[in-house]
Amino acid sequence: MELRDIEIFLVLSEELHFGRTAERLRVSQARVSQVIRKQERRIGAALFERTSRTVRLTAVGRQLRDDLQPVYAGLHASMERARLAARGVTGRLRIGMMPFNVADLHSYWKAFRSRYPHWELEIHQLVYLDPFGRLRNGDFDVLVVWLPVEEPDFTVGPVLMRDPRILAVTAEHPLAQRTSVRLEMFADFQNAMPSGIPEYWEDGYLPFNTPRGRLIERGRPTNNAEDMINQVGMGETIHGFPSHVTRHWGMPNIRWIPVPDLATLSYVLVWRTESENEAIRALADTVRELGAFQF
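Residues numbered from 1 in each chain as written. Predicted model: local features only at pLDDT ≥ 70, side-chain atom pairs only at ≥ 80, totals over all residues. Heavy atoms only, no water.

**Quick word on the overall build of the protein**
Right, on to step 1. Scanning the protein for helices and strands turns up nine helices and eleven strands.
Right, on to step 2. Here the protein holds 295 residues, and 46% of them are scored as buried.
Right, on to step 3. Sequence-distant contacts in the protein: of pairs separated by 6 or more residues, those separated by 24 or more amount to 72%.
Right, on to step 4. Working note: accessible area of the protein is about 15100 Å², and carbon and sulfur atoms make up 50% of it. (Helix = DSSP H or I, 4+ residues; strand = E, 2+ residues; numbered from the N terminus. Buried < 20%, exposed > 50% of the residue type's maximum accessible area, 1.4 Å probe, protein only. Contact = heavy atoms within 4.5 Å. Areas by Shrake-Rupley, 256 points an atom, 1.4 Å probe, with all protein chains shown as cover.)

Now the structure itself:
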């Protein structure tokens, strides 16, 4: 089985959707189907159960996935190490960012790359879906996320930035003409929030109750920022964002309103304690030296 065919199978086993798999791998959907059919003929059994609505792994497919994942990961890592070594790079540091403002934090990345050219720095934008799990799984070496982070196996590093809060509403919303809003007003409307994140962490971003004890209702859950702002723009929800989003989203149908009594967000570096290495310590030292960015 060719390395690319293994990748197609593993991505499909994760996405369980032929279209998303093709889009993610930048191949045609027909190519994905062709590869899976070829694998099934070679093995002599179906790897996926397909209906018009769902795609599921069969028992044989699950066994193949479990056997291939560590093999593929090892091969991929070996190829990457060889590619980096050919460029004089001895390692890579992968950062998953929850805030949107990669450009505003460029001074940290520029300083790190200047001081440590033998380490490649990769910056990735995160969706809201289980970022702590992705750090534990090794998808990233470091996260940039808001406080508090109370995971016993994580080290919380220095603060990169502190950002006041704003409320996003559609231009036709009852609050749209206000110059500021109070957290108490959030209880009058549905709020957009991601699903499947730790309760304490969600509460740190948007409390579950107002200062007077009223429930702040969550609307339809979402796991990416684009869907969230689209819900706001359609008038389905409101959402309290960090203020830096106004520098990156120019949307004429959205109004941004300061929320003075919603706590400022502090974004920090976080990494798995057992995975701490020289590159992570170097990045943390760089951030500490430059100091926190204040909006």
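**Structural notes on the packing of aromatic side chains**
Right, on to step 1. By the definition in use, this model includes eleven aromatic pairs.
Right, on to step 2. Here a set of aromatic residues connected by ring pairs shows up, and it is made of Phe-132, Trp-146, Phe-154, Trp-201 and Tyr-205.
Right, on to step 3. A cation sits over an aromatic face here: Arg-165 above Tyr-205, 4.2 Å from the ring centre. (Phe/Tyr/Trp six-rings, centres within 6.5 Å; stacked < 30°, edge-to-face > 60°. Lys NZ or Arg CZ within 6 Å of the ring centre and 35° of its normal.)

**A closer look at the environment of Glu-40**
Right, on to step 1. Structurally, the position occupied by Glu-40 is in helix α3 (residues 29–43).
Right, on to step 2. Considering only alpha carbons, one finds Glu-40 and Gly-61, 21 residues apart in sequence, at a separation of 9.3 Å.
Right, on to step 3. Apart from residues lying up to four places away in sequence, Glu-40 is in contact with Ala-45, Ala-46, Leu-47, Phe-48 and Arg-50.

**Description of the environment of Leu-25**
Right, on to step 1. Tracing the chain through its elements places Leu-25 in helix α2 (residues 18–25).
Right, on to step 2. Given the relative accessible area of 10%, Leu-25 is considered buried.
Right, on to step 3. Remark: the alpha-carbon pair of Leu-25 and Pro-242, spanning 217 residues in sequence, is separated by 32 Å.
Right, on to step 4. Setting aside residues up to four positions removed in sequence, Leu-25 forms contacts with Arg-4, Glu-7, Ile-8 and Val-11.

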